[in-house]
Amino acid sequence: MSALTTDEPDLDAFARAVASEAAAIDAGFALVFFSQSLVEAGALSRALSAHAPGLHHAGCSTAGEITPQGLEEGHMLAMLLPSASFTAVSAMVDNLSSSGMDRITGEVEALRRTLRVRVGGERTRNTFALCFIDGLSYAEEAVSSAIHWGLDDIPLLGGSAGDDLKFETTRLISNGRVTSDSAIIVLIATEIPFHVFKTDNFVPTDEKLVVTASDADHRIVREFNATNAAEEYAASVGIVPQTLTPLSFASHPVVVKVGGEYYCRSIQRMHADGSLSFFCAIDDGVVLSIAQPKDMVESTRAALREVEERLGGIDLILGFDCVLRRLDARNRQVFRDISELYRVNNVVGFGTYGEQYRSMHLNQTFTGIAFGERQAAE
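Residues numbered from 1 in each chain as written. Predicted model: local features only at pLDDT ≥ 70, side-chain atom pairs only at ≥ 80, totals over all residues. Heavy atoms only, no water.

Overview of the sheet that holds strand E5 (residues 70-72)
Argument step 1. As summarised here, the arrangement of the six strands in space is E5-E4-E23-E22-E26-E13, forming an open sheet in which the pairing is mixed. The sheet is open, and its two borders are formed by E5 and strand E13 (194-199), each paired with just one other strand. Across the sheet, the mean angle from the axis of one strand to that of its neighbour is 15 degrees, orientation sign disregarded.
Argument step 2. As judged from the three bridges shared by strand E4 (residues 65-67) and E5, these two strands associate in the antiparallel manner. Bridged to Ile66 within E5 is Leu71.
Argument step 3. Sheet strands touched by helix H8 (residues 323-331): E4, E5, E13, strand E22 (316-322), strand E23 (347-352) and strand E26 (366-371). Its angle to E22, the strand with the most contacts, is close to 80 degrees. (Pairing = 2+ DSSP bridges. Helix = DSSP H or I, 4+ residues; strand = E, 2+ residues; numbered from the N terminus. Axes fitted to C-alpha atoms, helices over the stretch in contact; angles between N-to-C directions. Contact = heavy atoms within 4.5 Å.)

Pasting the structure below:
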């Protein structure tokens with residue numbers, strides 16, 4: 001696998017470099033992640049179509065990038081999959097806000113049939129699925145669940161597209177198409193050994209927040225414990241409500257218990273009336289616990305070490321890292337340490353507005369797929 005990245009806005013130069021590398025390693029598919037602060041999605045899509053017309057691709061806009069040099073911002077990144085080791089098929093699902101979930105499951109089943117035809121039924125056993133979803137669609141939970149339903153036992157992971165914390169518009173690109181309010185599903189069969197994993201860095205406390213008034217359709221909480229949401233949250237974490245920022249929410253996450261496990265339900269931003277927007281689905285009656293962060297560097301290092309031991313070595317990791325982890329790392333002054341950890345473990349990917357892992361939509365989590373060496377498998 002090859003990963004190319006640049007912070008130069010010269011789209012033709014980037015697309016030519018991608019085309020050249022794709023030809024050199026005979027890549028049939030590319031994953032493309034980009035900052036909208038650097039490039040416009042339509043222009044990037046046109047450049048790729050012009051200079052690498054035979055290269056299928058899929059990807060999205062970001063809230064930061066993970067490049068071979070570590071954590072970056074304002075970059076574009078292409079990850080190329082050589083045809084000798086990977087067979088990829090993809091589909092774009094439009095109009096998520098008005099789309100039935102049966103249609104998404106149907107797209108997945110059609111993709112599985114296409115992949116079986118391409119590689120043969122026996123070789124589809126070593127398959128994983130990626131999804132990229134508009135991070136401002138309010139649809140990630142339903143979409144992830146619908147995709148997972150159609151996959152059977154194929155592992156799913158992915159990330160919600162971002163827009164550098166502007167919260168205005170995210171973009172997805174796929175083989176010349178540029179959309180919002182959509183999702184991309186990619187099925188990839190490979191002979192390379194791989195392992196899907198997730199890691200986070202929080203533990204729940206006994207401090208509870210019960211959602212007593214919300215706008216579930218727009219993921220807005222108006223009241224916790226029958227009190228203004230921002231005021232109650234701020235009191236629980238010991239912060240003055242007027243000083244709440246994305247950094248505050250990153251440093252003091254809230255979690256919900258599902259099936260005996262805790263998952264983050266991260267706050268996106270505070271509104272003028274003291275209501276709070278969330279990155280994940282929320283509803284009246286949901287009980288949240290204030291979480292206590294633990295050492296991000298050590299928890300991430302331990303997770304990567306476990307993956308390396310499992311695979312007998314890491315060739316590359318495709319990672320989806322919540323933007324709130326990035327903010328928290330800066331706040332706790334461990335940004336460089338996390339960046340270096342990603343660099344030495346060959347992590348590439350992007351900063352997300354949410355992570356998909358199997359059937360779940362998550363926040364404040366790193367989800368990844370690690371690829372081992374082919375020799376280790378043999």
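The structure having been displayed, the exposition proceeds.
Thoughts on the domain arrangement of the protein chain
When the parts come together, some accessible area is lost, and that loss is often what is quoted as the size of the interface.
Argument step 1. Its domain assignment divides the protein chain into domain 1 (2-199 + 298-372) and domain 2 (202-293).
Argument step 2. Here the C-alpha centroids of domain 1 and domain 2 sit 28 Å apart.
Argument step 3. Facing the 19 residues of domain 1 at the interface are 22 residues of domain 2.
Argument step 4. Ranking the residues of domain 1 by area buried against domain 2 places Tyr138, Phe167 and Asn363 at the top, with a combined share of 31%.
Argument step 5. The interface formed by domain 1 and domain 2 contains three salt bridges.
Argument step 6. Across the salt bridge formed by Glu261 and Lys198, the nearest N and O atoms sit 3.4 Å from each other.
Argument step 7. The interface formed by domain 1 and domain 2 includes eleven residue pairs in polar contact (both at pLDDT 80 or more).
Argument step 8. If you list the elements that add at least two residues to the side of domain 1 that touches domain 2, you get helix H4 (140-151), H8 and strand E25 (360-362).
Argument step 9. For the side of domain 1 that touches domain 2, the leading source of residues is H8, giving five residues. (Domains from an automatic or database assignment. Buried area = accessible area lost by both parts, 1.4 Å probe. Salt bridge = Lys/Arg side-chain N within 4 Å of Asp/Glu carboxyl O. Polar contact = N/O pair within 3.5 Å; in protein donor to acceptor, adjacent residues only side chain to side chain.)

Description of the state of the cysteines
Argument step 1. Enumeration over the complete set of coordinates arrives at zero disulfides.
Argument step 2. Take Cys264: it sits in no disulfide, and the sulfur closest to it among the cysteines is that of Cys322, at 7.4 Å.
Argument step 3. Judged by relative accessible area, Cys264 falls into the buried class, the value being 1%. (Disulfide = S-S within 2.5 Å. Buried < 20%, exposed > 50% of the residue type's maximum accessible area, 1.4 Å probe, protein only.)

Focus: the pattern of salt bridges
Argument step 1. Per the stated rule, a full pass over the model turns up 13 salt bridges.
Argument step 2. The residue Asp273 makes a salt bridge to Arg222 at a minimum N-O spacing of 3.9 Å. Taken together, the residues span a long stretch of sequence, with Asp273 in the loop between strand E19 (267-270) and strand E20 (276-278) and Arg222 in strand E15 (residues 220-224) at a distance of 51 residues.
Argument step 3. Take Arg222: its relative accessible area is 37%, and that puts it in the partly exposed class.
Argument step 4. Where Arg343 meets Glu340, a salt bridge forms, and the shortest distance between an N and an O atom there is 2.7 Å. Taken together, the residues span about one helical turn, with Arg343 and Glu340 both in helix H9 (residues 335-344) at a distance of three residues.
Argument step 5. Assessed through its relative accessible area of 36%, Arg343 is described here as partly exposed.
Argument step 6. Assessed through its relative accessible area of 38%, Glu340 is described here as partly exposed.

Notes on the side chain of Ser251
Argument step 1. The residue Ser251 is located in helix H6 (residues 246-251) in this model.
Argument step 2. In this structure Ser251 touches Pro293, Asp328, Asn331 and Arg332, once residues within four positions along its chain are discounted.

Remarks on H4
Argument step 1. Relative to the 16 Å expected for twelve residues at 1.5 Å per residue, H4 spans 16 Å between its end C-alpha atoms, a close match to the ideal helical length.
Argument step 2. Check the buried side of H4 and you find it contacts helix H3 (101-119), strand E8 (127-134), strand E9 (156-161), strand E12 (183-190), strand E24 (355-357) and E25. (Expected span 1.5 Å × (residues − 1).)

Section: helix H2 (residues 41-51)
Argument step 1. Every buried residue of H2 is listed here: Ala41, Gly42, Leu44, Ser45, Ala47 and Leu48.
Argument step 2. Summarising the contacts, the buried residues of H2 are in contact with helix H1 (11-25), strand E2 (27-34), strand E3 (56-61), strand E6 (76-82), strand E10 (172-174) and strand E11 (177-179).
Argument step 3. With a side-chain oxygen lying 2.9 Å from the backbone nitrogen of Gly42, the N-terminal cap of H2 falls on Glu40.

Observations concerning the packing of aromatic side chains
Two aromatic rings, taken as a pair, are described by how far apart their centres are and by the angle between their planes.
Argument step 1. Overall, the coordinates contain 15 aromatic pairs when judged by the stated rule.
Argument step 2. Both rings, one in Phe86 and one in Phe371, keep their centres 5.7 Å apart while their planes meet at 85 degrees; by these two values the pair is edge-to-face. You can see Phe86 sitting in strand E7 (residues 86-93) and its partner Phe371 sitting in strand E26, a full 285 residues away along the chain.
Argument step 3. Here the aromatic cluster, defined as three or more aromatic residues joined through ring pairs, consists of Phe33, Phe132, Phe320 and Phe350.
Argument step 4. Sitting over the face of the ring of Tyr357, Arg358 holds its NZ or CZ atom 5.6 Å from the ring centroid. (Phe/Tyr/Trp six-rings, centres within 6.5 Å; stacked < 30°, edge-to-face > 60°. Lys NZ or Arg CZ within 6 Å of the ring centre and 35° of its normal.)

Comments concerning the packing of H1 against H2
Argument step 1. Two elements in contact, H1 and H2, have axes separated by 9 Å at closest approach and are oriented at 45 degrees. For the element pair H1 / H2, the angle class is oblique. The handedness of the crossing between H1 and H2 comes out as right-handed. Between H1 and H2, the contacting residues are Leu11, Asp12, Phe14, Ala15, Arg16, Val18 and Ala19 on the first element and Ala43, Leu44, Ala47, Leu48 and His51 on the second.
Argument step 2. Among the residues making up the contact of H1 with H2, the classes are represented as nine nonpolar, one polar and two charged. (Parallel < 35°, antiparallel > 145°, perpendicular 65-115°, else oblique. Left-handed = near helix turned anticlockwise from the far one by under 90°. Nonpolar A, V, L, I, M, F, W, Y, C, P; charged D, E, K, R; others polar.)

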